[in-house]
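Each chain, written out:
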2 protein chains.
Amino acid sequence: MRFVVPFDAGTPKTRLGPLLDPDERRAFARVMLSDVLATLDATAAEPTVLATGPVDCEVPVEIDDRPLTPAVNAELEAAKEPIGIVMADLPLLTPETIERLLDPTADLVIAPGRGGGTNAFVARHAEFRVDYHGTSYTDHLEIAREMGATVETVDSHRLATDIDERADLVEVLIHGADTRSRDWLIEEGIRLTTDEGRVGIERSGPSG
Amino acid sequence: MRFVVPFDAGTPKTRLGPLLDPDERRAFARVMLSDVLATLDATAAEPTVLATGPVDCEVPVEIDDRPLTPAVNAELEAAKEPIGIVMADLPLLTPETIERLLDPTADLVIAPGRGGGTNAFVARHAEFRVDYHGTSYTDHLEIAREMGATVETVDSHRLATDIDERADLVEVLIHGADTRSRDWLIEEGIRLTTDEGRVGIERSGPSG
């Protein structure tokens with residue numbers, strides 16, 4: 001199945017500042033993308049990157065500089081077969097989590113992100129379109145309902161954990177054992193801390 | 001299977017202040033507990049509340065005023081059969097998520113919480129003991145590994161979402177359609193907000 005991975009080639013992940021400077025944020029976004037692509041590559045998914053600008057990677061890249069919603073809707077409109085959309089900031093994905101998106105036969109198989117976003121979906125209904133603004137997960141359920149489409153939700157912490165903020169890095173360090181994203185963070189001196197039983201993040205400066 | 005639900009009957013959920021005052025936090029903690037118990041009641045799990053003080057509820061209550069770790073370890077030590085432990089601040093649990101804890105046959109079936117905690121587990125190994133301090137999820141994996149116990153992790157956003165902070169309430173409002181916890185929040189005037197595409201929480205005062 002064709003899987004489209006939208007990617008912001010510009011200045012992504014602003015909420016990871018000041019922990020990471022703009023160049024580091026750009027580098028980390030690319031490392032996360034490479035984790036997502038490596039995971040997709042281990043499944044029946046055939047990834048294409050849908051980027052706002054040039055990206056150097058080993059899968060096909062399509063450039064569309066429009067905002068996320070119209071760019072993804074153009075993909076959905078052009079699709080003649082079922083199609084998957086998965087965000088590029090989900091380094092904790094595993095082949096098993098992708099299978100959980102692929103296995104159900106519902107018209108829309110959807111994975112919510114923490115905070116009400118839509119982190120991934122598979123659409124088998126030709127008319128389904130997205131609107132990523134606000135609580136897009138509930139909006140997408142509503143859009144599907146209005147179309148009479150069947151819906152299945154994938155309940156996964158790995159799929160729910162898009163990496164936007166400092167606290168999200170805790171999840172990468174804990175659950176990202178085999179990811180390049182975790183290695184990258186560690187190389188940058190980013191470590192877990194425990195303060196009165198609560199887990200956080202600190203940076204000790206590049207260790208290399 | 002016996003399922004123990006630890007519950008802080010004292011002054012729980014301090015991180016939900018100042019949105020909720022101490023009495024409200026106590027009330028909300030009890031409502032979340034009632035959701036967890038109602039969910040367990042719809043499965044093969046037989047719940048007991050393990051509370052630090054008296055709690056009025058419809059399942060057996062055991063009082064143990066020690067901290068969480070020794071109180072739970074006393075339960076594990078006394079258990080003659082497989083036993084489940086599930087936290088009381090998981091109102092998003094459904095019977096399906098509990099089944100995902102019950103179905104595997106591993107010695108330890110464990111569900112991480114966001115931030116590295118351990119939100120639920122089923123133990124089938126007589127010697128397994130807990131240590132809830134810090135990143136208890138990885139500590140528990142390590143404890144199981146040292147014992148030679150088999151381990152299976154349940155990857156669930158619902159199980160990962162313990163309700164500690166303001167941002168966690170977003171998840172209750174979005175995913176808690178059939179919960180008393182969501183109803184309670186709405187009655188208290190707590191609503192979702194969307195500010196430049198990011199979802200948050202606001203309180204307009206009690207609506208009643």
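This is a predicted model, so every value here is computed, not measured.

### Details of the overall build of chain A
Scanning chain A from N- to C-terminus turns up seven helices and nine strands. In summary, chain A has a C-alpha radius of gyration of 17 Å against a globular reference of 17 Å for 208 residues, a match within 12%. Along the longest, intermediate and shortest principal axes, the C-alpha atoms of chain A span 50 × 40 × 30 Å. With 208 residues in all, chain A has 53% of them scored as buried. Considering only contacts in chain A between residues 6 or more positions apart, those separated by 24 or more positions represent 58%. For chain A, the exposed area adds up to about 9200 Å²; of that, 47% sits on carbon and sulfur atoms. Of the side chains in chain A, 20 bear a positive and 39 a negative charge, and the two mean positions are spaced by 3 Å.

### Re helix α1 (residues 22-41) of chain B
Compared with an ideal rise of 1.5 Å per residue, which puts 20 residues at 28 Å, α1(B) spans 29 Å between its outermost C-alpha atoms and is within 8% of the ideal. The residue sitting at the N-terminus of α1(B) and contributing the capping side-chain oxygen is Asp21(B); that oxygen lies 3.0 Å from the backbone nitrogen of Asp23(B).

### Some details on the packing of α1(B) against helix α7 (residues 180-187) of chain B
Residue and element names in this part refer to chain B. Relative to each other, α1 and α7 sit at 155 degrees, their axes nearing to 8 Å. Classed by the angle they form, the pair α1 and α7 counts as roughly antiparallel. Along its contact with α1, which presents Glu24, Ala27, Phe28, Val31, Met32, Ser34 and Asp35, the element α7 presents Arg180, Ser181, Trp184 and Leu185. Per-class residue counts for the contact of α1 with α7 are six nonpolar, two polar and three charged.

### Some words on the pattern of salt bridges
On inspection of all chains with the given rule, the structure shows 28 salt bridges over all chains. For Arg100(A), the salt bridge identified is with Asp155(B), shortest N-O distance 3.7 Å. One end of the pair, Arg100(A), is in helix α3 (residues 95-102); the other, Asp155(B), is in the loop between β7 (151-153) and α5 (157-160), on a second chain. What makes Arg100(A) partly exposed here is its relative accessible area of 25%.

### Re the interface of chain B and chain A
Contacts between chain B and chain A engage 30 residues on the former and 30 residues on the latter. Here chain B meets chain A over a buried area of about 2300 Å², counting both sides, of which 54% is carbon and sulfur. It is Arg114(B), Asp155(B) and His157(B) that lose the most area in chain B upon contact with chain A, and together they represent 29% of the buried surface on that side. Our count for the contact surface shared by chain B and chain A stands at six salt bridges. Between the two partners, chain B and chain A, sit 12 residue pairs in polar contact (both at pLDDT 80 or more). Mapped onto the side of chain B that touches chain A, the elements with two or more residues apiece are α3 (95-102), α4 (136-147), α5, α6 (166-175), β8 (190-195) and β9 (198-203) of chain B. Among the elements that make up the side of chain B that touches chain A, the one with the highest residue count is α6(B) (six residues).

### Observations concerning the sheet that holds strand β7 (residues 151-153) of chain A
Residues and elements named next belong to chain A. In space, the seven strands of this open sheet follow the order β3-β2-β1-β4-β6-β5-β7, with mixed pairing throughout. Unpaired on one side and paired on the other, β3 (61-63) and β7 mark the two borders of the sheet. The mean inter-strand angle of the sheet, taken between neighbouring strand axes irrespective of direction, is 20 degrees. Bridge count between strand β5 (residues 108-112) and strand β6 (residues 118-123): five bridges; the pairing is antiparallel. Among the inter-strand pairings, Ala111 is bridged to a residue of β6, identified as Ala120.

### Here we look at the environment of Arg191(B)
Residue and element names in this part refer to chain B. Within the secondary structure, Arg191 is located in strand β8. Residues Arg191 and Arg114, 77 residues apart in the sequence, show an inter-C-alpha distance of 22 Å. At 3.1 Å, the side chain of Arg191 forms a polar contact with the backbone oxygen of Ile186.

### Structural notes on the environment of Asp164(B)
Residue and element names in this part refer to chain B. Mapping Asp164 onto the fold places it in the loop between α5 and α6. The class for Asp164 is buried, based on a relative accessible area of 18%. Between the alpha carbons of Asp164 and Pro12 there is a distance of 9.3 Å; along the sequence they are 152 residues apart. With residues near it in sequence (within four places) discarded, Asp164 still touches Lys13, Arg15, Leu16 and Asp89. Polar contacts involving the side chain of Asp164 include one to the side chain of Lys13, which spans 2.7 Å.

### Here we look at unusual backbone geometry
Residue and element names in this part refer to chain A. In this chain, Gly17 is followed by Pro18 through a cis amide linkage whose omega measures 0 degrees. In this structure, Pro18 sits in the loop between β1 (2-7) and α1 (22-41). At Lys13, a residue that is not glycine, the phi angle is positive and equals roughly 65 degrees. You can see Lys13 is positioned in the loop between β1 and α1.

### What about the pairing of β6(A)?
All names here are of chain A. With six of six residues buried, β6 is to be regarded as a mostly interior element. Strand direction decides the pairing type here: strand β4 (residues 83-86) and β6, joined by four bridges, are antiparallel. Paired with Ile83 across the bridge in β6 is Ala123. What sits between β5 and β6 in their antiparallel hairpin is a turn of five residues, with Gly115 showing a positive phi close to 95 degrees.

### Side note on the sheet that holds strand β5 (residues 108-112) of chain B
All names here are of chain B. Spatially, seven strands are ordered β3-β2-β1-β4-β6-β5-β7 in an open sheet, and the strand pairing comes out mixed. Because the sheet does not close on itself, it has two edges, and the strands there are β3 (61-63) and β7. Taking each pair of neighbouring strands and ignoring which way they run, the sheet shows an average axis angle of 20 degrees.

Conventions we followed
Residues numbered from 1 in each chain as written. Chains lettered and ligands numbered in written order. Predicted model: local features only at pLDDT ≥ 70, side-chain atom pairs only at ≥ 80, totals over all residues. Heavy atoms only, no water. Helix = DSSP H or I, 4+ residues; strand = E, 2+ residues; numbered from the N terminus. Rg over C-alpha atoms; globule rule 2.2 N^0.38 Å. Buried < 20%, exposed > 50% of the residue type's maximum accessible area, 1.4 Å probe, protein only. Contact = heavy atoms within 4.5 Å. Areas by Shrake-Rupley, 256 points an atom, 1.4 Å probe, with all protein chains shown as cover. Lys, Arg positive; Asp, Glu negative; His and termini not counted. Charge placed at Lys NZ, Arg CZ, Asp CG, Glu CD. Expected span 1.5 Å × (residues − 1). Polar contact = N/O pair within 3.5 Å; in protein donor to acceptor, adjacent residues only side chain to side chain. Axes fitted to C-alpha atoms, helices over the stretch in contact; angles between N-to-C directions. Parallel < 35°, antiparallel > 145°, perpendicular 65-115°, else oblique. Nonpolar A, V, L, I, M, F, W, Y, C, P; charged D, E, K, R; others polar. Salt bridge = Lys/Arg side-chain N within 4 Å of Asp/Glu carboxyl O. Buried area = accessible area lost by both parts, 1.4 Å probe. Pairing = 2+ DSSP bridges.

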